[in-house]
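Next come the chains, spelled out residue by residue.
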Amino acid sequence: MENTKEDQLAREVLNESIPEWINPDFNKILMDKIRAESRKRDIIRSIGLYSTIFVTIDAILLVLLNLMHVRITDISTKFQAVLGGVGELLANTGQFILIYFIALLAVILVISKISSTNYSLSRNK
Amino acid sequence: MDNLYIQKVLNGDCNAFSYFVNEYRDMAFAVAFRIVNSREDAEEIVQDSFVKAFRSLGKFRQDSKFSTWFYRIVINNSLTKVQRLKTRPDNIDLKKAECIAVDEIESVYSKLSRSDRRKHIEDALNELNMEDSLILTLYYLNENTLEEIAEMTGIKKENLKMKIHRTRQKMFYLLEKKLKSEIKDLL
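Here the structure is a predicted model, which means the values were calculated and not measured.

What follows covers the overall build of chain A. From N to C terminus, chain A includes three helices and zero strands. Secondary structure elements of chain A, listed N to C terminal, follow the sequence α-α-α. Within chain A, the fraction of its 125 residues that count as buried is 13%. Surface exposure of chain A reaches about 10,200 Å², of which carbon and sulfur atoms provide 69%.

Now the structure itself:
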């Protein structure tokens, strides 16, 4: 860079022209943004890493089971049947609990109605 | 030094990025301000540019200086804000501008208070077109080389030297006009 008298004056003039910052917390706000960005990137990386590990382990297991002549479709059908049975049982239990709860609610309502009627009759006497 | 901190950031130490913020924020602000001419917008642009630089630091090939690469981001972001680099004619008589006596400006300039000097400089720079004031800022304030300015602005390096000379004279011409009126007021 040349350094004539004109250059020196131009540099001096332009140095005076540097605008002043408005926000005194600029660095803090910016670094918070950078840290948030870094965390976001770490999370995305972790998700990618764990997904890769999960898929790889699954693939290895499938290959091993295939080598051991274990048919995954048979197991899954059996497992599905067991799950279906458990599900049915749970549904029946749930239905029973629901009916029982409604009946209990009805009984409580009837009892409270009768008792309040008796109380008002005895007061009128 | 830049390369050391780039490695630190790339190795996962995001706090190391504060080195770049402390080192380049003022110049980035001056560059953005020259284009958008608003301090609020310039601050926003500098912030966005740092975040963008952090995101794409892995893609930075290090075949140029970090500052050149980063100011390029700042200039691009600023241009997106103003749509394009306005190169309106500035109606400055180049022949008159070439005959400016620097000594005269210097003597008047030194007699003014800092705030007055600042005001006149600001007015003079605002009268220059955006591209000219940006080039002056990059060359004199940032002390970038012609190659770096060419890379940042996309202006041919061969044209830059002459352009800087002309723009500097234009700035002196405008400054002289402002300072003369100031002296008349004082008298």
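So, next bit.
Before going further, it helps to spend a moment on the interface of chain A and chain B. Many authors give the size of an interface as the accessible area that is lost as the parts come together. Each side of the interface is counted separately: chain A has 32 residues, and chain B has 47 residues. Buried area between chain A and chain B, summed over both chains or domains, comes out near 4,000 Å², and the portion from carbon and sulfur atoms is 63%. A per-residue breakdown of the area chain A buries against chain B is headed by Leu14, Glu16 and Trp21 of chain A, which together make up 18% of the total. Inspection of the region where chain A meets chain B yields two salt bridges.

All names here are of chain A. Together, Leu49, Tyr50, Ile53, Ile57, Ile60, Leu61, Val63, Leu64, Leu67 and Met68 give the surface a local cluster of nonpolar side chains, amounting to about 1,000 Å² of exposed area. Inspection of the secondary structure assignment puts Met68 in the loop between helix H2 (26–67) and helix H3 (72–124). Residue Met68 is classed as exposed on the basis of its relative accessible area, which comes to 56%.

A few words on the layout of surface pockets. Residues and elements named next belong to chain B. In this structure, the second largest pocket encloses a volume near 160 Å³. Every residue along the wall of the second largest pocket is listed here: Asp2, Glu23, Tyr24, Met27, Lys65, Ser67, Tyr71, Asn142, Glu143 and Asn144. Looking at the lining of the second largest pocket, the elements with two or more residues in it are helix H2 (18–36) and helix H4 (66–82). Here the element with the most residues in the lining of the second largest pocket is H2; it accounts for three residues. Of the residues in the lining of the second largest pocket, the class split is three nonpolar, three polar and four charged.

All names here are of chain B. Where H4 meets helix H9 (residues 146–153), the axes come as close as 9 Å, and the angle between the chain directions of the two elements is 35°. In this structure, the crossing between H4 and H9 has a hand that is right-handed. Contacts between H4 and H9 involve Thr68, Tyr71, Arg72 and Ile75 from the former and Glu148, Glu151, Met152 and Thr153 from the latter.

Residues and elements named next belong to chain B. Two elements in contact, H2 and H4, have axes separated by 9 Å at closest approach and are oriented at 35°. Seen from above, H2 lies across H4 with right-handed handedness. The residues of H4 that touch H2, namely those facing Phe20, Tyr24, Met27, Ala28, Val31, Ala32, Ile35 and Val36, are Phe66, Ser67, Phe70, Tyr71, Val74, Ile75, Ser78, Leu79, Lys81 and Val82. A per-class count over the contact of H2 with H4 returns 15 nonpolar, two polar and one charged.

What follows deals with the nonpolar core. Phe17, Phe20, Phe50, Phe66, Phe70 and Met171 of chain B are the most contacted members of the largest nonpolar core, which totals 73 residues. When residues in this core are grouped by element, the largest group, 13 residues, is from H2 of chain B. Setting aside anything within four residues of it in sequence, one finds Phe50 of chain B in contact with Leu30 and Ile34 of chain A together with Phe17, Phe20, Val21, Tyr24, Arg25 and Phe70 of chain B.

To continue, consider the confidence of the model for chain B. Summary statistics for chain B give a mean pLDDT of 82 and a share of 85% for residues scoring 70 or more. No element of chain B has a lower mean pLDDT than helix H5 (residues 94–98) of chain B, which averages 64, and none a higher one than helix H3 (residues 39–55) of chain B, which averages 92.

All names here are of chain A. Across all of its chains, the model carries 15 salt bridges over all chains by this definition. Glu37 is the partner of Lys40 in a salt bridge, and the nearest nitrogen-oxygen pair spans 3.9 Å. A residue pair is termed a helical-turn pair when its members lie 3 or 4 positions apart in one helix, as Lys40 and Glu37 do in helix H2 at three residues. Judged by relative accessible area, which is 46%, Lys40 ranks as partly exposed.

Reading the values: the criteria
Residues numbered from 1 in each chain as written. Chains lettered and ligands numbered in written order. Predicted model: local features only at pLDDT ≥ 70, side-chain atom pairs only at ≥ 80, totals over all residues. Heavy atoms only, no water. Helix = DSSP H or I, 4+ residues; strand = E, 2+ residues; numbered from the N terminus. Buried < 20%, exposed > 50% of the residue type's maximum accessible area, 1.4 Å probe, protein only. Areas by Shrake-Rupley, 256 points an atom, 1.4 Å probe, with all protein chains shown as cover. Contact = heavy atoms within 4.5 Å. Buried area = accessible area lost by both parts, 1.4 Å probe. Salt bridge = Lys/Arg side-chain N within 4 Å of Asp/Glu carboxyl O. Patch = residues over 30% accessible without salt bridge, like charges linked within 9 Å, V, L, I, M, F, W, Y side chains within 5 Å. 1 Å grid on protein atoms, 1.4 Å probe; cavity = no way out; pocket = protein on both sides within 12 Å on 5 of 7 lines; lining within 4 Å. Points joined across faces, edges and corners; volume = space filled by probe spheres on them. Nonpolar A, V, L, I, M, F, W, Y, C, P; charged D, E, K, R; others polar. Axes fitted to C-alpha atoms, helices over the stretch in contact; angles between N-to-C directions. Left-handed = near helix turned anticlockwise from the far one by under 90°. Core = buried A, V, L, I, M, F, W, Y, C linked by side-chain atoms within 4.5 Å. pLDDT = per-residue confidence, 0-100.

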